[in-house]
Amino acid sequence: MKRIDFENLINNSSFSELFITEMGWNNPSRSSSFIIPIDSVDYEFNPIAEKSGFHVYSCLLDEIPNAADCKKIDNKLRSYGYDYICIFVQRNTSHHLWLTPVKTNEMRELVKIEYLDGAKADFLFSKIDD
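My aim in this report is to walk through the structure given alongside it, one point at a time. Since this is a predicted model, take the numbers as computed values, not measurements.

**What about the pattern of salt bridges?**
Two side chains carrying opposite charge are able to pair once their charged atoms lie near each other. In total, this model carries four salt bridges according to the counting rule given. Here D39 ties to K72 by a salt bridge, and the two come within 3.0 Å at their closest N and O atoms. Of this pair, D39 sits in the loop between strand 1 (34-38) and strand 2 (41-51) while K72 is found in helix 3 (residues 67-77), placing the two residues 33 residues apart along the sequence. Among the salt bridges present, the one from D74 reaches R78, with a minimum N-O distance of 3.2 Å. Of the residues examined, D74 reaches a relative accessible area of 4% and is grouped as buried. A single salt-bridge network, built from bridges that share partners, covers D74, R78 and R108.

Spelled out as structure tokens, the structure:
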């Protein structure tokens, strides 16, 4: 995939096209969105794609969640799929937070990749082939 195509897909939040069309992932087995309430905020997750038990979800919201809320979300999101990428998109911006759990030394840690637009998503682009 060319860098400019990647940036356009990210900037337009075209995650289905990125994962399914460009990367060859499968359509999600669960097609309907679901809500996870955390404190006073309802986070609506939309299934995007899946591959080998790994799920991709997007969540459009007014404000990117903080680290404490990300941990709470992870605890509840595990019931939908233990391995996932969750893409939080701040409404009316190109501000994204990509969140994925990683198991290290018998602990579950959250890896967060945050950027303000597709042109700043160098790390994500470098991991596309991985």
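**With respect to the packing of aromatic side chains**
Evaluation of the coordinates by the stated rule reveals nine aromatic pairs. A ring pair is formed by F19 and W25, whose centres lie 5.2 Å apart and whose planes are at 75°; its orientation type is edge-to-face. Here the two residues F19 and W25 agree in accessibility, since each one is buried. Aromatic pair F34 and F45: ring centres 5.6 Å apart, planes at 20°, arrangement stacked. Taken as a pair, F34 in strand 1 and F45 in strand 2 lie far apart in primary sequence, eleven residues in all. What makes F45 buried here is its relative accessible area of 0%. When the ring centre of Y82 is taken as reference, the NZ or CZ atom of R108 above it lies at 4.1 Å.

**So, helix 2 (residues 15-22)**
When helix 2 is considered as a whole, its buried residues turn out to be F15, L18 and F19. Angular distribution of buried residues about the axis of helix 2 spans 80°; they occupy a single face of the element. Buried residues along helix 2 sit in contact with helix 1 (3-11), strand 2, strand 3 (54-61), strand 4 (83-90) and strand 5 (96-104).

Criteria and thresholds
Residues numbered from 1 in each chain as written. Predicted model: local features only at pLDDT ≥ 70, side-chain atom pairs only at ≥ 80, totals over all residues. Heavy atoms only, no water. Salt bridge = Lys/Arg side-chain N within 4 Å of Asp/Glu carboxyl O. Helix = DSSP H or I, 4+ residues; strand = E, 2+ residues; numbered from the N terminus. Buried < 20%, exposed > 50% of the residue type's maximum accessible area, 1.4 Å probe, protein only. Phe/Tyr/Trp six-rings, centres within 6.5 Å; stacked < 30°, edge-to-face > 60°. Lys NZ or Arg CZ within 6 Å of the ring centre and 35° of its normal. Arc of directions from axis to C-beta. Contact = heavy atoms within 4.5 Å.

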